[in-house]
Amino acid sequence: MAQSTSATIRHILITGEPGAGKTTLLRRVCETLLQQSQQLPCYGFYTEEVRGNTRSRIGFDVVTLDGKSHTPLARTNEHTTSPSATFPRIGQYNVFVDEFERVALPLITDIQTPCICFIDEIGKMELLSSKFKRQIQTLLDKPNMILIATIPIKSVPCVDTIRRRKDCHLITVTRENRFGMTLRNELMIYIEELKKDIS
């Protein structure tokens, strides 16, 4: 374990290069917690790659924790139905900020504590929403709540501020350590320790 759990740690951040397995780790931990008979309430969402007929990536969806609801977060020009000039862009993708706020924000707002909140991810696309940015700060400061979030490994000003918080523990996923149970077990140990302070 990279560092011992202390009373100052309240949240867990998962980082790593694109494709390293951050979302997979978060989803597996979330699924494990949802299967527990006396689990804390879980809120939040994750993002999922969307691939076209040729299996090339054409965008991303926001997905509810139960996996039953998908909403477009971003698409390439050729897969954007409205005029692409009306959307902000991150790289090759048009980002549907209004749709993201309509679907994702209710999943992480007005939540009942104690609880665990999963967010995948706090990244450039999501941070185009000023409302999302403010809500993340609210969640980080909210008592009796554990935030488990994925963040990009590259520098992003708002994310860097979160990364430096003393109440956040950082776990880095790599292509070498993502296999097996080690990271998931480490994350579950941290969560079980943090749960003692809020439940």
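- Per an unreviewed UniProt entry, the chain goes by AAA+ ATPase domain-containing protein and derives from Adineta ricciae.

### Section: the sheet that holds strand S2 (residues 42-51)
For step 1, the next point in the chain: The mixed open sheet is built from 9 strands, whose spatial order is S5-S6-S4-S3-S2-S7-S8-S1-S9. If you trace the sheet from one side to the other, it starts and ends with strand S5 (89-90) and strand S9 (168-173), each paired once.
For step 2, the next point in the chain: Examined bridge by bridge, strand S3 (residues 57-64) and strand S4 (residues 70-76) share 5 bridges and lie antiparallel to one another. Bridge pairing in S4 places Gly 59 opposite Arg 75.

### Some details on the pairing of S2
For step 1, the next point in the chain: Pairing of S2 with strand S7 (residues 115-119), which is carried by 4 bridges, proceeds in the parallel orientation. Bridge assignment links Cys 42 to a residue of S7, and that residue is Ile 116.
For step 2, the next point in the chain: For S2 and S3, the ladder comprises 7 bridges, and the chain directions are antiparallel. The residue of S3 that forms the bridge with Thr 47 is Val 62.

### Topic: the confidence of the model for the chain
For step 1, the next point in the chain: Residue-level pLDDT values for the chain average 90, and 95% of them are 70 or greater.
For step 2, the next point in the chain: Averaged over each element, pLDDT in the chain is lowest for helix H5 (residues 182-198) (88) and highest for helix H3 (residues 130-141) (97).
For step 3, the next point in the chain: Long-range and interchain partners of residues 1-6, a stretch whose pLDDT sits below 50, account for 12 contacts in this model, where long-range means more than four residues apart.

### Thoughts on unusual backbone geometry
For step 1, the next point in the chain: In the segment running from Thr 113 into Pro 114, the intervening peptide bond is cis, with an omega of 0 degrees.
For step 2, the next point in the chain: The topology assignment puts Pro 114 in the loop between helix H2 (97-107) and S7.
For step 3, the next point in the chain: Residue Glu 121 follows Asp 120 across a cis peptide bond; omega there is 5 degrees.
For step 4, the next point in the chain: Mapped onto the secondary structure, Glu 121 falls in the loop between S7 and H3.
For step 5, the next point in the chain: Phi at Asn 144 takes a positive value of approximately 60 degrees, unusual for a residue other than glycine.
For step 6, the next point in the chain: Take Asn 144: it is sitting in the loop between H3 and strand S8 (145-150).

### Observations regarding the packing of aromatic side chains
For step 1, the next point in the chain: A complete count under the given rule lists 5 aromatic pairs for this structure.
For step 2, the next point in the chain: Centre to centre, the rings of Phe 45 and Phe 132 are 6.4 Å apart; their planes meet at 55 degrees, and the pair counts as tilted. Placement of Phe 45 in strand S2 and of Phe 132 in helix H3 is noted, with a sequence separation of 87 residues between them.
For step 3, the next point in the chain: Its relative accessible area of 0% is what places Phe 132 among the buried residues.
For step 4, the next point in the chain: Ring centres of Phe 60 and Tyr 93 lie 5.3 Å apart, and the angle between their planes is 70 degrees; this geometry places the pair in the edge-to-face category.

### Things to note about the pattern of salt bridges
For step 1, the next point in the chain: Evaluated as defined, the whole model comprises 11 salt bridges.
For step 2, the next point in the chain: Linking Asp 141 and Arg 165 is a salt bridge whose minimum nitrogen-to-oxygen distance equals 3.2 Å. Separated by 24 residues along the polypeptide, Asp 141 in helix H3 and Arg 165 in the loop between helix H4 (157-163) and S9 bring together distant segments of the chain.
For step 3, the next point in the chain: In this structure, the salt-bridge partner of Lys 196 is Glu 193, at a minimum N-O distance of 3.1 Å. Residue Lys 196 and its partner Glu 193 are located together in helix H5, separated by 3 residues, close to a single helical turn.
For step 4, the next point in the chain: Given a relative accessible area of 58%, Lys 196 falls into the exposed group.

Definitions and cut-offs
- Residues numbered from 1 in each chain as written.
- Predicted model: local features only at pLDDT ≥ 70, side-chain atom pairs only at ≥ 80, totals over all residues.
- Heavy atoms only, no water.
- Pairing = 2+ DSSP bridges.
- Helix = DSSP H or I, 4+ residues; strand = E, 2+ residues; numbered from the N terminus.
- pLDDT = per-residue confidence, 0-100.
- Contact = heavy atoms within 4.5 Å.
- Phe/Tyr/Trp six-rings, centres within 6.5 Å; stacked < 30°, edge-to-face > 60°.
- Buried < 20%, exposed > 50% of the residue type's maximum accessible area, 1.4 Å probe, protein only.
- Salt bridge = Lys/Arg side-chain N within 4 Å of Asp/Glu carboxyl O.

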